[in-house]
Amino acid sequence: MPLVTTRQLLDEAAKGGYGVGAFNVNDMEQIQAIMEAAKETNSPVIIQASRGARKFAQDNYLYHLMLAAAELYPEIPLAMHLDHGNSFETCESAIKLGFTSVMMDGSLKPDGKTPATFEENVEVTRKVVDYAHERGISVEGEIGVLGGIEDGHGAGGSGLDHVTDPDQAVEFAELTGVDSLAIAIGTSHGAYKFTKKPDGSVLKMDLLIAIHKRLPNTHLVMHGSSSVPKDLQDIINQYGGKLKETWGVPVEEIQVGIKNGVRKINVDTDNRLAITGAIRKVFAESPEKFDPRDYLTPARAAMQKVVAQRMTQFGQAGHAGDYTAISIADMAQGYASGALVTKPLVAAK
Ligand code: G3H
Ligand code: 13P
Ligand code: ZN
């Protein structure tokens, strides 16, 4: 099937009551790992690329790899998403390239570091929504700011510094018309999210539930959702790595989120850990090897295992067959006619 929009995937996921993993990629092996996991579990999937990934891989390589994935796995509904777009121009270039959805992360200024004002966030997100919807492309916005820094992107600090205010979330959804909304509930990007298993004092699931109550039909997005499993940390450290002890977001908490409106779950770090552990193992156990296939093959398999597990845990497994692709032109028509407007947006008091 052709690349589909994230909006279609999330609408379908809402009907089915499940979440869809959005996995970050930078190269061919990561795309292959995700597609094999999707085939193994019969799952729809979102593959996403950050600005850093676009720079690392180059747009044309990335796009053509995604087309190859759609061609090789016609049974898998697949969306190509821009992760953390920092400006209108970044989103525009992704849409021109062929991404089927974009995130306009207006929670930060275009430097990708400094928290933006609410007004700045609304203004740039609304501009992206107008441009994208006219072209049938879905938009994710963010209200509140995540913690941590990845590849120079992020406000840094704790995930609790700028958690989402439910009133602002409502106002933001009303003013921007986004298809999905990323919220900040205490998570951070990267491996170092929590210094112990998170409880309600650091991971604000109550806040997520409050936002969902106010915006019952808005697809919520959880960023920074790697679980940072101990076994993956241990493999890295066993083979010469130096990770400090750390905790991620427990899968059970993500599942609570999925019961409360979370439809897109962003995972990158867990796959990075799986890949690095597998490569370190080969290097440590077989130092004579130098054919990249000797370490990239187990690395790819290790990532596939993590992705397949998450697909099962998020509930998307088994749902690939539910979809008939809606064309981008039909999505544009749906936005123009008002058929894709989220109704009712705000719950009656
Ligand atoms: O947003 C964070 C993702 O893990 C992407 O990270 O910007 O290092 O590619 P990146
Ligand atoms: P993790 O670092 O927890 O995998 O989060 C990834 C993410 O949110 C990408 O946008
Ligand atoms: Zn993110």
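Refer to the preceding data block for the structure.
Reading the values: rules and limits
- Here the residue numbers are simple positions, counted from 1 along each chain's written sequence.
- All chains are assigned letters beginning with A, and all ligands numbers beginning with 1, in the order in which they are written.
- It should be noted that, the model being predicted, local features are given only for residues of pLDDT at least 70 and side-chain atom pairs only at 80 or more, the latter also being counted only at that level, while totals for whole chains, interfaces and linings use all residues.
- Side-chain metrics rest on all non-hydrogen atoms present in the structure, leaving aside hydrogens and water.
- Salt-bridge detection follows one rule: a side-chain nitrogen of Lys or Arg within 4 Å of a carboxyl oxygen of Asp or Glu.
- The secondary structure listing takes helices from DSSP runs of H or I that are at least 4 residues long and strands from runs of E that are at least 2 residues long, numbered from the N terminus.
- Only protein chains enter the calculation, and the probe is 1.4 Å; a residue is then buried if its accessible area is under 20% of its type maximum, exposed if over 50%, and partly exposed in between.
- Any residue with at least one heavy atom within 4 Å of a molecule or strand is counted as near it.
- N or O atoms within 3.5 Å of each other form a polar contact, as long as, within protein, one can give a hydrogen and the other can take it, and as long as residues adjacent in sequence are counted only when both atoms are side-chain atoms.
- Method for areas: the Shrake-Rupley scheme with a 1.4 Å probe, in which residue coverage is limited to the protein chains shown.
- Each residue is assigned to one of three groups, with Ala, Val, Leu, Ile, Met, Phe, Trp, Tyr, Cys and Pro labelled nonpolar, Asp, Glu, Lys and Arg labelled charged, and all others, Gly among them, labelled polar.
- Two aromatic rings from Phe, Tyr or Trp, using only the six-membered ring of Trp, form a pair when their centres are within 6.5 Å; if the ring planes differ by under 30 degrees the pair is stacked, by over 60 it is edge-to-face, and anything between is tilted.
- Comment: the charge-over-ring label is applied if NZ (Lys) or CZ (Arg) is within 6 Å of the ring centre and within 35 degrees of the ring normal.

Undergrad: Looking at this structure, how should I read the pattern of salt bridges?
TA: As a working rule, side chains carrying opposite charge can pair if their charged atoms are close by. Enumeration according to the criterion identifies 16 salt bridges in this entry. Note that R7 is salt-bridged to D179, the shortest N-O span being 2.7 Å. A residue pair is termed long-range when its members are at least 10 positions apart, and R7 in helix α1 (residues 6–16) and D179 in the loop between α7 (166–176) and β6 (180–183) qualify at 172 residues. Accessibility expressed as a relative area gives 4% for D179, which makes it buried. Three or more residues joined by partner-sharing salt bridges are found here, namely R7, D11 and D179.

Undergrad: Before we go on, may I ask you to explain the site of ligand 2 in this structure?
TA: In the vicinity of ligand 2, 15 residues are found, and the nearest of them are D83, K193, S226, D268 and T269. Residue H223 places a side-chain N or O atom 3.1 Å away from an oxygen atom belonging to ligand 2. Contact with the protein chains removes 97% of the 310 Å² of surface that ligand 2 exposes when unbound. The set of elements that each furnish at least two residues to the shell around ligand 2 consists of β3 (78–85) and β8 (262–267). Considering only residue class, the shell around ligand 2 consists of one nonpolar, eleven polar and three charged.

Undergrad: Just checking my understanding: could you explain the packing of aromatic side chains for this structure?
TA: Throughout the structure, instances matching the rule amount to three aromatic pairs. Centre to centre, the rings of F118 and F172 are 6.4 Å apart; their planes meet at 65°, and the pair counts as edge-to-face. Separated by 54 residues along the polypeptide, F118 in helix α6 (residues 118–134) and F172 in helix α7 bring together distant segments of the chain. Judged by centre distance (4.9 Å) and plane angle (70°), the rings of F283 and Y295 are edge-to-face. Placement of the pair is F283 in helix α11 (residues 269–285) and Y295 in helix α12 (residues 292–314), with a sequence separation of twelve residues. The aromatic ring of Y131 is capped on one face by R135, whose charged end is 3.6 Å from the ring centroid.

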